[in-house]
Amino acid sequence: MSHDTAPLTPMTMSTLLGRIEHEWSTRQKIFDLPSARIWQPDPDVDLGFEFLGRPCATPVGPAAGPHSQLAENIVLAWLGGSRLFELKTVQVLDDLEIARPCIDMQTIGYNIEWSQELTVPQSLTEYVKASMLVEMLTQWEPLADHLHNDTGDGPGSHVFDMSVGYDLAGISGDKVSRFIRGMRDATDEIAALRPQIAEAGGSFAALADLDFSTHIADTLTLSTFHGCPPEEIESITKHLIDEHDLDVIVKLNPTLLGYETVAGIVNDELGYRDVSVKEQAFADDLQFERGIELIEELNEYAKQRGRRFGIKLTNTLVVDNTRGFMPDDPMYLSGAPLHVLASTLLDRLATALPGRLAIPGHDGDVMVSFSAGITKENLPEAIAMGVNPATVCSDLLKPGGYGRLAPMLKALTAAVRDDGCSDLASWKQLRQAAAVDAGFATACAQHVADIRGDGIESYHLDGNSKLPREVDNDLQMFGCVACNFCVTVCPNDAFTNIRSLDGMDGRQQYLVFSELCNECGNCMVFCPERGDPAMIKPRLYTDRALFEARDGQGFLVDGGRVVDARADDESIELVGRLLASDAGNPLG
Ligand code: SF4
Ligand code: SF4
C-alpha cells in the first residue's frame, strides 16, 4: 500500500461523539466496547492510590504505547477502568516512518513500534480531546448507571501522565516545550475543540458549555534511548523540574541487571533459548551502581525544589530480531519474561536503596511505577509489591483488548476483599506482614521467589508458546468465522462490525476505518483465517485526499453513503447496504 500521507489520521471530536451516540443507541457499545465491560467500582473496596501525590481511583492503566495515542484509545481504557494514563511518548522527530508490521504478539510480545506516529501538535490535540471526552462521558446521562455502583460511587479521579523522549536537545527545543506547556494549560486547544461538540448535535450538544479542566497533566515520565548516558538523564530530569515545574518519573532499562543475569533468566531459567539478548546494549546502558547514585541524586534534587520523583520499571528489552515477522532489527521484548526481569530489578533496587523506595517494607518517597507483562493473574501480586501504578500493553493486544481491563480490576478487588481489607493501602501492609512472616524482606522479594520458583510456569516458554488458532480458509472481503478478534485486538479500534444482511455468509461483517489503521499487523496475527484482515476487509475512508492517496480497495463514505470506491460493483452495493442497515453507518 502506498503511503504519501500519514498512516494514522485522528477522527475529529464531532465524528467521535457521533460514533459514541450511534453505537450506544444501536448496540450499547462505545468504540466497540460492550457496556458489560465498563468498569464499575466495588462499593466495599477502594482501589484508589496517590500518583506522585495526585488521587487516582484505580492503580491500572495503559502503558505509554499503542493504547494511549488516539483520543478513543484513552476513552476505551478509561471505560475499562483505567485511571492512570501513561500517554504515548512524544519526541521532536515526529515525521518518522515506522516499518510495518510493528507488533508481534504471536507468543510473548515483541515490537519495533518505538516512536509516536502523530505529530507533536496532533498528540497535544488528541490528549486534550481525550480529557474532554472523559469529562463529557462522566456527565453523560445514558452512561450514568454503568459508571456508578449502587451506593453512588462514580468513576473517580484519573491522572494523565505525559511522556517525552529522547534527548535533552529535543526535549528542551520549542516543539516539545510547547507541547508540555499546552498540557499544563490547554485553554487554547479546548477553545478550538469546543465548537465541534455542538456540531456533533444529539445528546452531547447539551455539554458544549461544560467547564472543562484546562490542566491536562503536570507529571511526566522520561523515556530515553537505550545507551543514553547518565549525565543526559540527569540533565533532562533537572530541565523538566526547573523549566516546567513537573514531577518526574525516569523509565529504567532491564539492562541494569547486567547481561549475565538477564541472559540467565531469559534463556536458561525461563527457557527462551531462541531469544538473542543484545550484549552490546548492556555495555552502552546505565550501569547498576551509577543508577543507584542517580536515583538518590535526582530524588534529592526534586525534593529540594518541592517536586516529587519516581522510577518506572521497565523499558522493553532489546533483542536481535530472529523471528522475521517484523522488518526491523533490533526488536523489543515485552510480556511474561519482562515481568520476571522487572520484578527482579525492583527487588535488587529495593535492597540497594534501603528506605528509599515507596514500597511496603521501605516506605521511602521514590514512587515506583511498573509496566512489564501485567495480566489479570499477576496484577494483585504486582500491586502487593507496592508499585503504583501497574500499567498494561501486551495483554491488551490479545483477544478481548480493552475489555480485559475490568476483569483485571475485579481480580484485584477480589484479592483485597478476600484478605478482609477495604482499601489498597491497608491490604499492601497486610501482604507485607505476611511476606515477612514467610521469611522474606518484602512482598516484592516473595513475588520474585514465586515467579522464579514454584510459579515459573506462567512465565516460562512452555506456558507461552501456544500460537493463535488457525482455520483452513482464505479470508474474503465479506464473510468469515466472525470471531471478532480483529475488533478487540486492534489498539486503535480501527475495526468495527455490522450485522450481516440476509443471504450474506457469516453472522457479522467486518469493516476497517482506514484512517485509524496504522498497519501494525496485530489483527493479522490473531485472525484465524489466512490473510490480512486490515487489507482484505472493506476499507472505509472519510477523507477524500487520503482515499485518493492510497491504493488497494477502498470506500469513501460521506453522510453514511458510499460516494466513491475502488472495488467491484457488487462489493460497492453490499457496503452501501450494510451502512444503510439498522445498526450500520458506524461513523454516526
Ligand atoms: S486494523 Fe489491524 S493492522 Fe490496523 S491498526 Fe488495527 S490491528 Fe493494526
Ligand atoms: S476478519 Fe478474521 S479476526 Fe476478524 S472476525 Fe473475521 S475471522 Fe475473526
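Residues numbered from 1 in each chain as written. Chains lettered and ligands numbered in written order. Predicted model: local features only at pLDDT ≥ 70, side-chain atom pairs only at ≥ 80, totals over all residues. Heavy atoms only, no water.

> Outline the site of ligand 2, listing residues and values.
Around ligand 2, a shell composed of Leu475, Cys480, Val481, Ala482, Cys483, Asn484, Phe485, Cys486, Tyr510, Cys527, Pro528 and Lys537 is seen. Its residues assigned to classes, the shell around ligand 2 comprises 10 nonpolar, 1 polar and 1 charged. (Near = heavy atom within 4 Å. Nonpolar A, V, L, I, M, F, W, Y, C, P; charged D, E, K, R; others polar.)

> Could you give me a rundown of a nonpolar patch on the surface, with the residues and numbers involved?
On the surface, Val92, Leu93 and Leu96 cluster together to form a nonpolar patch covering roughly 210 Å² of accessible area. Taking relative accessible area as the criterion, Leu96 reaches 33% and is therefore assigned partly exposed. (Patch = residues over 30% accessible without salt bridge, like charges linked within 9 Å, V, L, I, M, F, W, Y side chains within 5 Å. Areas by Shrake-Rupley, 256 points an atom, 1.4 Å probe, with all protein chains shown as cover. Salt bridge = Lys/Arg side-chain N within 4 Å of Asp/Glu carboxyl O. Buried < 20%, exposed > 50% of the residue type's maximum accessible area, 1.4 Å probe, protein only.)

> Requested: an account of the site of ligand 1, with residues and values cited.
The immediate surroundings of ligand 1 are formed by Cys490, Asn492, Ala494, Phe495, Cys517, Asn518, Glu519, Cys520, Gly521, Asn522, Cys523 and Ala534. Looking at the shell around ligand 1 residue by residue, the classes come out as 7 nonpolar, 4 polar and 1 charged.

> Could you give an account of the packing of aromatic side chains, with specific residues and numbers?
Taken as a whole and assessed by the stated rule, the structure comprises 6 aromatic pairs. Centroid distance Trp24 to Trp140: 6.3 Å. Interplanar angle 65°. Geometry classified as edge-to-face. In this pair, Trp24 is assigned in helix α1 (residues 13-27) and Trp140 in the loop between α3 (120-139) and α4 (144-147), connecting sequence segments 116 residues apart. For the pair formed by Trp24 and Trp140, the shared burial category is buried. Consider the rings of Tyr127 and Phe179, whose centres lie 6.1 Å apart with planes at 75°: the pair is edge-to-face. Here the residue Tyr127 occupies a position in helix α3, and Phe179 occupies one in helix α6 (residues 174-184), the gap between them amounting to 52 residues. Here the aromatic cluster, defined as three or more aromatic residues joined through ring pairs, consists of Trp24, Trp140 and Phe204. The ring of Tyr301 is capped by Arg305, whose NZ or CZ atom sits 3.5 Å from the centre of that ring. (Phe/Tyr/Trp six-rings, centres within 6.5 Å; stacked < 30°, edge-to-face > 60°. Helix = DSSP H or I, 4+ residues; strand = E, 2+ residues; numbered from the N terminus. Lys NZ or Arg CZ within 6 Å of the ring centre and 35° of its normal.)

> Give me the nonpolar core: which residues, what numbers.
In terms of nonpolar packing, the biggest core is built from 178 residues, with Met136, Phe179, Ile311, Leu313, Leu317, Leu349 and Leu357 touching the most fellow members. Two domains each put at least three residues into this core: domain 1 (13-463) and domain 2 (485-580). Excluding anything up to four places from it in sequence, Ile311 contacts Ile249, Val250, Leu252, Ile295, Leu349, Leu357, Val366, Met367, Val368 and Ser369. Grouped together as the second largest cluster of nonpolar side chains are 8 residues, Cys56, Leu84, Val159 and Ile249 included. (Core = buried A, V, L, I, M, F, W, Y, C linked by side-chain atoms within 4.5 Å. Domains from an automatic or database assignment. Contact = heavy atoms within 4.5 Å.)

> I'd like a rundown of the environment of Ala434, residues and numbers included.
Relative to the elements of secondary structure, Ala434 occurs in helix α16 (residues 424-437). Taking the C-alpha atoms as reference, Ala434 lies 9.6 Å from Gln446; in sequence the two are 12 residues apart.

> So what's going on with the confidence of the model for the protein? Residues and values would help.
A low pLDDT means the predicted coordinates there should not be read in detail. Across the protein, the average pLDDT comes to 94, with 98% of residues at 70 or higher. Note that pLDDT drops below 50 for residues 1-5; the model gives that stretch 14 contacts with residues more than four away or on any other chain. (pLDDT = per-residue confidence, 0-100.)

> Let's hear about the side chain of Asp42: which residues, and what values?
Within the fold, Asp42 resides in the loop between β2 (33-34) and β3 (49-51). According to the relative accessible area criterion, Asp42 is buried, its value standing at 17%. A distance of 3.4 Å separates the side chain of Asp42 from the backbone nitrogen of Val45, its partner in a polar contact. Ignoring sequence-local partners within four residues, the contact set of Asp42 consists of Asn149, Thr413 and Arg417. (Polar contact = N/O pair within 3.5 Å; in protein donor to acceptor, adjacent residues only side chain to side chain.)

> Before we move on, can you summarise the sheet that holds strand β19 (residues 539-541) with the specific residues and values?
In space, the 5 strands of this open sheet follow the order β17-β18-β19-β20-β21, with mixed pairing throughout. In the strand order of this sheet, the two ends are held by β17 (495-499) and β21 (561-566), each with one partner. Mean inter-strand twist for the sheet, computed between neighbouring axes without regard to direction, equals 35°. Relative to β19, strand β18 (residues 508-513) is paired through 2 bridges, and the arrangement is parallel. The residue bridging Val512 from the neighbouring strand is Arg539, located in β19. Against the sheet, helix α22 (residues 569-580) touches β17, β18, β19, β20 (554-558) and β21, its axis set at about 155° to β21. (Pairing = 2+ DSSP bridges. Axes fitted to C-alpha atoms, helices over the stretch in contact; angles between N-to-C directions.)

> Any chance you could break down the pairing of strand β10 (residues 219-222) for me, citing the residues and the numbers?
Neither face of β10 is exposed, since Thr219 and Thr221 on one face and Leu220 and Leu222 on the opposite face are all buried. Note: strand β9 (residues 159-164) against β10, 3 bridges, orientation parallel. Pairing of Met162 across the sheet is with Leu220, part of β10. Both β10 and strand β11 (residues 247-252) contribute to a ladder of 4 bridges, which runs parallel. Paired with Leu222 across the bridge in β11 is Val250. Chirality of the crossover, the property in question, places the unit of β10, helix α9 (residues 230-244) and β11 among those that are right-handed. (Right-handed = clockwise from strand over helix to strand, strands pointing away.)

> Tell me what's going on with helix α10 (residues 259-269), and back it up with residues and numbers.
Along α10, the residues classified as buried are Val262, Ala263, Gly264, Ile265, Val266 and Asn267. Positioned one or two residues after α10, Gly271 has a phi angle of 85°, which is positive.

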